[in-house]
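Listed here are the chains, written in short residue letters.
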Amino acid sequence: MKKQRTIQKAVSLSGVGLHTGKVVTLTFNPAPENHGHKFQRVDLVGQPLVNADVSRVISTTRGTTIKSDEAQVSTIEHVLSALVGLGIDNVLMGIDGPEVPILDGSAIQFVKALREAGVEEQEADREYFEITEPITYRDEATGAELMALPHDGFEVITMIDFNSKVLGQQYAQLYSLEDYEKEIAPCRTFVFLHELDNLFSQNLIKGGDLDNAIVIADRPVTQEELDDMATKLGKPSIKVDKEGILNTVQLQFKNEPARHKLLDVIGDVSLLGKPIKGRIVATKPGHTANYEFTKLLKKQYIEERKLKGKPKYDPDKEPLFDTVKVASWLPHRYPFLLVDKIIELSESHVVGVKNITFNEGFFQGHFPGNPVFPGVLQIEAMAQTGGILALSTVADPGNWDTYFLKIEEAKFKSKVVPGDTLLIKMELLAPIRRGICQMQGTIYVGNKIVSEAGLTAQIVKRS
């Protein structure tokens with residue numbers, strides 16, 4: 001596993017925001033381990049932070065915008081792409097305005113600034129989100145489709161088709177981040193000429209310039225239209241060359257638009273918050289599709305992270321507590337003793353086992369013909385398992401009882417049926433004080449989390 005990385009020193013660069021037209025300065029600052037990518041609005045009172053996370057996205061109109069409380073930052077995809085491209089995990093980006101500067105419409109100037117700052121390895125290991133099975137997002141309306149596939153490394157493939165004779169269908173592939181700086185970072189954003197009037201009418205691209213975007217003329221254009229566009233862009237004149245590009249700047253790659261879409265995918269998907277080990281295949285991607293796809297990745301990552309804590313259960317191994325010993329500690333008896341054995345017990349956690357059989361008394365009346373283990377009894381099984389943890393802190397556990405004080409954030413994710421074996425894990429959230437025990441409970445069946453809840457209980461000595 002590779003180590004996390006940050007930069008060695010602060011470095012700044014300035015430019016206008018593509019849509020706001022405001023001049024802003026962006027400063028990259030070193031950040032500690034596990035900090036991630038964060039923006040700081042240094043121009044606002046209190047200099048609030050905005051975490052570069054998919055949960056913070058509020059808009060994907062012609063760029064990606066994130067917001068936390070009153071602080072927002074727009075057009076973040078190019079700078080985030082540069083950070084991923086250079087393998088920089090932790091950085092604090094101070095910005096004195098609402099939008100990241102567009103610069104030349106690519107990520108290369110961000111890359112150059114970060115190279116100037118120097119990259120520094122940190123002590124903590126880098127945690128990857130490893131794709132183990134296909135994850136797919138598809139938008140039937142636009143035809144956009146993004147897939148994450150298992151792969152030993154990080155690879156991105158993009159395919160675009162705007163139904164344009166000038167642009168045509170294009171394909172781009174990044175085999176490794178080692179090629180990012182040379183093959184992807186210099187690729188500029190692009191827009192079709194017919195889109196410009198609509199963008200102007202939406203009060204966007206105030207900072208638009210022929211120096212920071214490739215404008216593609218995909219239809220015949222009169223000189224009158226070109227003169228009007230030149231006025232809006234603040235240029236003396238513009239023309240369409242033989243390739244249908246509105247300015248005289250040559251494309252750096254024949255498939256530069258597809259490569260820029262790949263650049264955007266990397267930036268938007270970085271809002272997952274973890275580097276990916278896998279192959280991403282994006283057909284007709286855009287910021288909205290990228291955002292929806294990243295939400296799916298985030299959901300899967302959270303589920304898998306929870307499963308990393310799943311206890312290992314070997315039925316051949318002698319338990320710490322069998323049913324007899326569990327009953328000597330807990331006051332419950334059939335049919336309300338819901339823990340069969342304890343297989344792990346430490347100062348901070350306990351793991352219990354409950355085997356669900358059709359012979360349970362409540363199945364006679366709970367969904368007859370479709371037996372389902374009640375969610376409330378899953379909570380009770382958590383409480384009884386957590387009771388063993390709480391009672392392990394007293395000298396004579398058989399003379400104490402455990403009472404509920406609070407249940408929070410209870411979630412039931414999959415039904416439990418006869419034949420299932422529940423692994424019930426309870427973890428202390430804080431040291432036990434005055435008999436008050438705060439625990440997080442998770443119940444697993446196989447490789448699924450079936451329920452979870454936060455429980456607060458108090459242990460009281462019997463009078």
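One can find the structure itself at the top, above this paragraph.
Keep in mind the model is a prediction, meaning the values are calculated, not measured.

Caption draft 1: View of the overall build of the chain. A tally of regular secondary structure across the chain gives nine helices and 24 strands. Relative to its full complement of 463 residues, the chain shows a buried share of 51%. The long-range share in the chain, meaning contacts at least 24 apart out of those at least 6 apart in sequence, stands at 71%. Approximately 22200 Å² of the chain is accessible, and the part contributed by carbon and sulfur atoms is 49%.

Caption draft 2: Inspection of the nonpolar core at higher detail. Formed by 69 residues in total, the largest nonpolar core has its most connected members in F28, F39, Y180 and L297. What Y180 contacts, discounting residues up to four positions off in sequence, is S81, A82, G85, A107, V111, L174, A185, L263 and I266. Counting residues in each nonpolar core, the second largest holds 37 residues, with V350, W400, L422 and L455 among its members.

Caption draft 3: Spotlight on the sheet that holds strand β20 (residues 349–355). Read from one edge of the open sheet, six strands run β19-β20-β22-β23-β24-β21, paired in antiparallel fashion. The sheet terminates laterally at β19 (341–345) and β21 (400–412), the two strands that pair on one side only. Between one strand axis and the next, the sheet turns through 25 degrees on average, direction left out of account. Here β19 runs beside β20; their pairing, made up of four bridges, is antiparallel. Its bridge partner lying in β20, L345 is registered against V350. The sheet contacts of helix α7 (residues 287–307) involve β23 (436–445) and β24 (448–461), and relative to β24 the element is tilted by about 50 degrees.

Caption draft 4: View of the packing of helix α6 (residues 256–269) against α7. Taken N-terminus to C-terminus, the directions of α6 and α7 make an angle of 40 degrees; their axes are 9 Å apart at the nearest point. Overall, the two elements α6 and α7 adopt an arrangement that is oblique. In this structure, α6 crosses over α7, and the sense of that crossing is right-handed. Across the interface between the two elements, D264, V265, D268 and V269 from α6 touch H287, N290, F293, T294 and L297 from α7. Residue classes in the contact of α6 with α7 are distributed as four nonpolar, three polar and two charged.

Caption draft 5: The side chain of Q170, seen in detail. Along the chain, Q170 falls in strand β15 (residues 170–174). Polar side-chain contacts of Q170 include one of 3.4 Å to the backbone oxygen of K254. Here the side chain of Q170 touches A258 through a polar contact of 3.2 Å, landing on its backbone nitrogen. If near-sequence neighbours (up to four positions away) are discounted, Q170 is found in contact with T158, M159, I160, K254, N255, E256, P257 and A258.

Caption draft 6: Up close: the packing of helix α1 (residues 77–85) against helix α2 (residues 108–117). Interhelical geometry of α1 versus α2 gives an angle of 45 degrees and a closest axis separation of 9 Å. When the axis of α1 is compared with that of α2, the two are oblique. Where α1 crosses over α2, the handedness of that crossing is right-handed. For the pair formed by α1 and α2, the contact residues are H78, V79, A82 and L83 on the first element and F110, V111 and L114 on the second. Residues that form the contact of α1 with α2 fall into these classes: six nonpolar, one polar and no charged.

Caption draft 7: Expanded view of the sheet that holds strand β5 (residues 49–51). Reading across the sheet, the five strands line up as β2-β3-β9-β4-β5 and stay open at both edges, with mixed pairing between neighbours. The open sheet terminates on both sides in strands that have one partner only, identified here as β2 (11–16) and β5. Strand-to-strand twist of the sheet, defined as the mean angle between neighbouring strand axes without regard to direction, takes the value 25 degrees. Taken together, the five bridges between strand β4 (residues 37–41) and strand β9 (residues 91–95) define a ladder with parallel strand orientation. For H37, the partnering residue across the bridge sits in β9 and is V91. Here α2 sits on the sheet and contacts β2 and β3 (23–30); the angle it forms with β2, its principal contact strand, is near 160 degrees.

Caption draft 8: Here's a closer look at helix α9 (residues 375–391). Between its first and last C-alpha atoms α9 spans 24 Å; for 17 residues at 1.5 Å apiece the expected length is 24 Å, and the two agree. For α9, the buried fraction is high: 15 of the 17 residues fall into the buried class.

Caption draft 9: Representation of the pattern of salt bridges. Applying the stated criterion to the full structure yields 20 salt bridges. K308 is paired through a salt bridge with E127; the nearest N and O atoms lie 3.8 Å apart. Linking K308 in the loop between α7 and α8 (323–329) with E127 in the loop between β10 (119–125) and β11 (129–130), this pair joins segments that are 181 residues apart in sequence. Take K308: its relative accessible area is 57%, and that puts it in the exposed class. The class of E127 is partly exposed, set by a relative accessible area of 23%. One continuous salt-bridge network, built from bridges that share partners, spans E127, K274 and K308.

Caption draft 10: Highlighting α1. Where burial is concerned, most of α1 is hidden: nine out of the nine residues are buried. All of the buried residues along α1 are E77, H78, V79, L80, S81, A82, L83, V84 and G85. Positive backbone phi, approximately 70 degrees, marks G87, located one or two places after α1.

Caption draft 11: Region of the structure containing the packing of aromatic side chains. Per the counting criterion, the structure on display carries five aromatic pairs. With 5.7 Å between their ring centres and 75 degrees between their planes, F129 and Y301 make a pair best called edge-to-face. Of the two residues, F129 is situated in strand β11 and Y301 in helix α7; the sequence distance between them amounts to 172 residues. As far as the burial class goes, F129 and Y301 line up, both buried. On the basis of an interplanar angle of 80 degrees and a centroid distance of 4.8 Å, the ring pair of F321 and W329 is categorised as edge-to-face. Among the residues examined, F321 registers a relative accessible area of 5% and is labelled buried. W329 gets classed as buried once you look at its relative accessible area, which sits at 14%. An aromatic cluster is built from F358, F362, F363 and F373, whose rings are joined through pairwise contacts. R259 extends its terminal NZ or CZ atom over the ring of F253, reaching a point 3.8 Å from the ring centre. If you follow K277 out to its NZ or CZ, it ends over the ring of Y128, 5.2 Å from the centre.

Cut-offs applied
- Residues numbered from 1 in each chain as written.
- Predicted model: local features only at pLDDT ≥ 70, side-chain atom pairs only at ≥ 80, totals over all residues.
- Heavy atoms only, no water.
- Helix = DSSP H or I, 4+ residues; strand = E, 2+ residues; numbered from the N terminus.
- Buried < 20%, exposed > 50% of the residue type's maximum accessible area, 1.4 Å probe, protein only.
- Contact = heavy atoms within 4.5 Å.
- Areas by Shrake-Rupley, 256 points an atom, 1.4 Å probe, with all protein chains shown as cover.
- Core = buried A, V, L, I, M, F, W, Y, C linked by side-chain atoms within 4.5 Å.
- Pairing = 2+ DSSP bridges.
- Axes fitted to C-alpha atoms, helices over the stretch in contact; angles between N-to-C directions.
- Parallel < 35°, antiparallel > 145°, perpendicular 65-115°, else oblique.
- Left-handed = near helix turned anticlockwise from the far one by under 90°.
- Nonpolar A, V, L, I, M, F, W, Y, C, P; charged D, E, K, R; others polar.
- Polar contact = N/O pair within 3.5 Å; in protein donor to acceptor, adjacent residues only side chain to side chain.
- Expected span 1.5 Å × (residues − 1).
- Salt bridge = Lys/Arg side-chain N within 4 Å of Asp/Glu carboxyl O.
- Phe/Tyr/Trp six-rings, centres within 6.5 Å; stacked < 30°, edge-to-face > 60°.
- Lys NZ or Arg CZ within 6 Å of the ring centre and 35° of its normal.

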